[in-house]
Amino acid sequence: YERFLERFPTDYWGLLGLGQAHLGAGRLEAARSIFERLVQAHGNEARAHFFLGRTLQQQGELEAAQRSLRQAVGLDEHYGEAWFALGQVELGRVYRGQGKLGEVVLVFEKALAEQPDNTLIHCELGHCYRQMGEVQQALAHYEKFLAAHPDDFWGLVGMGASYLQAKQVDRAWPYLQ
């Protein structure tokens, strides 16, 4: 990629490929630099903002990640992967005391509308609804998640905790054993 980019320094696919290679290898600073170049050269491409946002998220820069991911979904409102990533960033902000769970739920619901087969979204929604005290909603989402991932630790704990929250200890026990 680097040799190709010497000749074509703003090529979309060259920058995207090199950035993804750095990201996949865990070289976050290098990936960020490339994705920043990609956004500068191709700011109208949702994927450019998505990968910059994901990189910023991995670096723990949630506010900057949020801006990039919001730009991605602003450019392509049907970009389900970007909605899911934005939901995860928003959830991280809530855990840092900087956001609201209700807003996170809206983002994850949009992600689910765009990616109905992404069962991980059901798990995230289950966690959110449980924390909001909406146990029936949480149980419904955990059930869908566990249908695809029956042995997932966090799904099982979430389902069990939701039943405990509903004071249904007998139904919680099988998930918490």
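Computed from a prediction, not measured in an experiment: that's the story for all the values here.

### A word on the overall build of the protein chain
Then, in step 1: Helix and strand counts for the protein chain stand at 11 helices and 0 strands.
Then, in step 2: For the protein chain, the succession of helices and strands along the chain, N to C, is α-α-α-α-α-α-α-α-α-α-α.
Then, in step 3: Put simply, the protein chain has 177 residues, and 46% of those count as buried.
Then, in step 4: Accessible surface computed for the protein chain: about 9500 Å², of which carbon and sulfur atoms make up 50%.
Then, in step 5: Across the protein chain, the mean location of the 17 positive side-chain charges is 4 Å away from that of the 22 negative side-chain charges.

### Overview of the confidence of the model for the protein chain
If pLDDT is low for a region, its predicted coordinates should not be looked at in detail.
Then, in step 1: Per-residue confidence for the protein chain gives a mean pLDDT of 93; residues scoring 70 or more make up 100%.
Then, in step 2: Within the protein chain, the element-level pLDDT minimum falls on helix H6 (residues 80-95), averaging 86, and the maximum on helix H3 (residues 28-41), averaging 97.

### Thoughts on unusual backbone geometry
Then, in step 1: Phi is positive for Lys167, which is not a glycine, with a value near 60 degrees.
Then, in step 2: Structurally, Lys167 is set in the loop between helix H10 (153-165) and helix H11 (169-176).

### Some remarks on the nonpolar core
Proteins that are soluble and globular tend to have nonpolar side chains buried together.
Then, in step 1: Within the largest apolar cluster, 53 residues are counted, with the highest numbers of intra-cluster contacts made by Phe35, Leu38, Phe50, Phe108, Ile121, Leu125 and Cys128.
Then, in step 2: Broken down by element, this core gets its largest block of residues, 8 residues, from H6.
Then, in step 3: Ignoring any residue separated from it by four or fewer positions in sequence, one finds Phe50 in contact with Leu69, Ala72, Tyr79, Glu81, Ala82 and Ala85.

### Side note on the environment of Thr10
Then, in step 1: Note that Thr10 resides in the loop between helix H1 (2-7) and helix H2 (12-24).
Then, in step 2: For Thr10, a relative accessible area of 49% translates into the label partly exposed.
Then, in step 3: Once the C-alpha coordinates of Thr10 and Asp76 are considered, the two residues, 66 residues apart in sequence, prove to be 22 Å apart.
Then, in step 4: Excluding anything up to four places from it in sequence, Thr10 contacts Leu15, Ala41 and His42.

### Focus on H2
Then, in step 1: When the terminal C-alpha atoms of H2 are compared, their 18 Å separation across 13 residues agrees well with the 18 Å that a helix rising 1.5 Å per residue should span.
Then, in step 2: Tyr12, Gly14, Leu15, Leu16, Gly17, Leu18, Gly19, His22 and Leu23 are the residues of H2 that are buried.
Then, in step 3: Measuring from the backbone nitrogen of Trp13 back to the side-chain oxygen at the start of H2 gives 3.2 Å, which picks out Asp11 as the cap.
Then, in step 4: Phi for Gly26, located one or two positions after H2, is positive at around 80 degrees.

### As for helix H4 (residues 46-58)
Then, in step 1: With 13 residues, H4 extends 19 Å from end C-alpha to end C-alpha; this agrees with the ideal 18 Å at 1.5 Å per step.
Then, in step 2: In terms of residue burial, H4 counts as a mostly covered element, since 11 of its 13 residues are buried.
Then, in step 3: Those residues of H4 not exposed but buried are Ala46, Ala48, His49, Phe50, Phe51, Leu52, Gly53, Arg54, Thr55, Leu56 and Gln57.
Then, in step 4: Looking at the packing, one finds that the buried side of H4 touches H2, H3, helix H5 (62-75) and H6.

### So, a nonpolar patch on the surface
Then, in step 1: A contiguous nonpolar patch, built from Leu164, Val169, Trp173 and Leu176 and spanning about 400 Å² of accessible area, is present on the exposed surface.
Then, in step 2: Considering every element that reaches the nonpolar patch, the biggest residue donor is H11, with 3 residues.
Then, in step 3: Locating Leu176 in the fold gives a position in helix H11.
Then, in step 4: We classify Leu176 as partly exposed; its relative accessible area is 33%.

### Observations regarding the side chain of Ser68
Then, in step 1: In this structure, Ser68 sits in helix H5.
Then, in step 2: Among the residues examined, Ser68 registers a relative accessible area of 9% and is labelled buried.

### Overview of the packing of aromatic side chains
Then, in step 1: Under the criterion given, the structure shown has 8 aromatic pairs.
Then, in step 2: Centroid distance Phe50 to Phe51: 5.0 Å. Interplanar angle 75 degrees. Geometry classified as edge-to-face. The same class applies to Phe50 and to Phe51, which are both buried.
Then, in step 3: Between the aromatic rings of Phe50 and Tyr79, the centroid separation amounts to 5.3 Å while the plane-to-plane angle is 45 degrees, which identifies the pairing as tilted. You can see Phe50 sitting in helix H4 and its partner Tyr79 sitting in the loop between H5 and H6, a full 29 residues away along the chain.

The rules we used
- Residues numbered from 1 in each chain as written.
- Predicted model: local features only at pLDDT ≥ 70, side-chain atom pairs only at ≥ 80, totals over all residues.
- Heavy atoms only, no water.
- Helix = DSSP H or I, 4+ residues; strand = E, 2+ residues; numbered from the N terminus.
- Buried < 20%, exposed > 50% of the residue type's maximum accessible area, 1.4 Å probe, protein only.
- Areas by Shrake-Rupley, 256 points an atom, 1.4 Å probe, with all protein chains shown as cover.
- Lys, Arg positive; Asp, Glu negative; His and termini not counted.
- Charge placed at Lys NZ, Arg CZ, Asp CG, Glu CD.
- pLDDT = per-residue confidence, 0-100.
- Core = buried A, V, L, I, M, F, W, Y, C linked by side-chain atoms within 4.5 Å.
- Contact = heavy atoms within 4.5 Å.
- Expected span 1.5 Å × (residues − 1).
- Polar contact = N/O pair within 3.5 Å; in protein donor to acceptor, adjacent residues only side chain to side chain.
- Patch = residues over 30% accessible without salt bridge, like charges linked within 9 Å, V, L, I, M, F, W, Y side chains within 5 Å.
- Salt bridge = Lys/Arg side-chain N within 4 Å of Asp/Glu carboxyl O.
- Phe/Tyr/Trp six-rings, centres within 6.5 Å; stacked < 30°, edge-to-face > 60°.

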